[in-house]
Amino acid sequence: MKQEILERVEKAIDKIRPHLEADGGNIEVVDLTDDFTLLFKWLGNCESCSMSSMTMSGGIEYTIKMAVPEIQKVEPVNGYYHPAKDTL
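Presented here is an overview of the structure given in this document. (Residues numbered from 1 in each chain as written. Predicted model: local features only at pLDDT ≥ 70, side-chain atom pairs only at ≥ 80, totals over all residues. Heavy atoms only, no water.)

Points about the packing of aromatic side chains
- Under the criterion given, the structure shown has one aromatic pair.
- Consider the rings of Phe 40 and Trp 42, whose centres lie 4.9 Å apart with planes at 80 degrees: the pair is edge-to-face.
- Judged by relative accessible area, Trp 42 falls into the buried class, the value being 0%. (Phe/Tyr/Trp six-rings, centres within 6.5 Å; stacked < 30°, edge-to-face > 60°. Buried < 20%, exposed > 50% of the residue type's maximum accessible area, 1.4 Å probe, protein only.)

Considerations on the sheet that holds strand β3 (residues 73-76)
- Strand order in the open sheet formed by three strands is β1-β2-β3, and the pairing between neighbours is mixed. Every other strand in the sheet has two partners, leaving β1 (25-32) and β3 as the edge strands with one partner each. Neighbour-to-neighbour, the strand axes of this sheet turn through a mean angle of 30 degrees, independent of strand direction.
- Alignment of strand β2 (residues 37-44) against β3, held across four bridges, turns out to be parallel. Bridge assignment links Leu 38 to a residue of β3, and that residue is Val 74. (Pairing = 2+ DSSP bridges. Helix = DSSP H or I, 4+ residues; strand = E, 2+ residues; numbered from the N terminus. Axes fitted to C-alpha atoms, helices over the stretch in contact; angles between N-to-C directions.)

Considering unusual backbone geometry
- One non-glycine residue, Phe 36, lies in positive phi territory at about 65 degrees.
- Given a relative accessible area of 27%, Phe 36 falls into the partly exposed group.

Laid out in structure tokens, this is it:
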């Protein structure tokens, strides 16, 4: 089941990937946790972009959750914006 969900996630990301790549960035799925939190890594320009929180909520999270409703949360593990860093 996890593999099937990850395949659907990748297909969803592929829909927005050209927009990320146009700005010199990308994302990579790191893990899908047991509580259906999708962890991803910012790549390229996305890692240091101050607009990554907008990209996160308005693009990545929305697109993934619409395509894969099983996903409960979408969280970056690095970059300018990520929840663990913002709570420190």
